[in-house]
Amino acid sequence: MNEKSRKMNEVISQNRVKLHLFEPSQRSIWTIVGKEKEHWLDPESNFCSCSGYYFGMLKNKKPCYHIESIHIARQEKKFDIIKFSDEEYDSFISSILDEL
Ligand SMILES: [Zn+2]
């Protein structure tokens, strides 16, 4: 198993993929809990907020392993759902943006 699949395995098996679900609007935000911080992902546009994604895309147009991990997690339904109310949406977004 190579380094990338090992990391992806770790993410999935340790349930580090989180779906933050806002109600009643059903808006959703995906994150993966990393070693130091939480990464924000958009699986629809294949975007990840980590530095690995940024440099990978810059250098060889390859995204980070988080992107693949999140697709596998969704397929296998291996993620935690954390529910929030819509009133919390704005402060949630700004706390994510603060960490970037
Ligand atoms: Zn990433």
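To start, this report covers the structure provided alongside it. Model, not experiment: these values are computed from the prediction. (Residues numbered from 1 in each chain as written. Predicted model: local features only at pLDDT ≥ 70, side-chain atom pairs only at ≥ 80, totals over all residues.)

Take the environment of Y53 next. Along the chain, Y53 turns up in helix α2 (residues 51-60). Accessibility expressed as a C-beta count within 10 Å gives 20 for Y53, which makes it buried. When the C-alpha atoms of Y53 and K18 are compared, they prove to be 18 Å apart, with 35 residues separating the residues in sequence. Among residues more than four places away in sequence, those in contact with Y53 are C48, P63, C64 and H66. (Helix = DSSP H or I, 4+ residues; strand = E, 2+ residues; numbered from the N terminus. Buried ≥ 20, exposed ≤ 12 C-beta atoms within 10 Å, placed from the backbone. Contact = placed C-beta atoms within 7 Å.)

What follows concerns the nonpolar core. If you look at the biggest cluster of nonpolar residues, it comprises 16 residues, and the most contacted ones within it are V17, I32, L41, C48, C64, I67 and I70. For this core, the secondary-structure elements that each account for two or more residues are α1 (3-13), β2 (27-33), β3 (38-42) and α3 (65-75). Here this core takes 4 residues from α3, the largest share from any one element. Residue contacts for L41: discarding those within four places in its chain leaves W30, T31, I32, F47, C48, H66, I67 and I70. (Core = buried A, V, L, I, M, F, W, Y, C linked by C-beta atoms within 7 Å.)

Ordered in space as β4-β3-β2-β1-β5, the 5 strands form an open sheet in which the pairing is mixed. In the strand order of this sheet, the two ends are held by β4 (47-48) and β5 (80-85), each with one partner. With 6 bridges connecting them, strand β1 (residues 17-23) and β5 associate as parallel partners. In the strand pairing of β5, L19 is matched with I81. (Pairing = 2+ DSSP bridges.)

Across the 10 residues of α2, 1 count as buried, placing the element largely on the outside. Positive backbone phi, at 55°, marks K61, one or two positions downstream of α2.

Within the secondary structure layout, P63 lies in the loop between α2 and α3. Among the residues examined, P63 registers 17 C-beta atoms within 10 Å and is labelled partly exposed. Between the alpha carbons of P63 and K37 there is a distance of 18 Å; along the sequence they are 26 residues apart. When residues no more than four places from it in sequence are discounted, the contact partners of P63 are N46, C48, Y53, G56 and M57.

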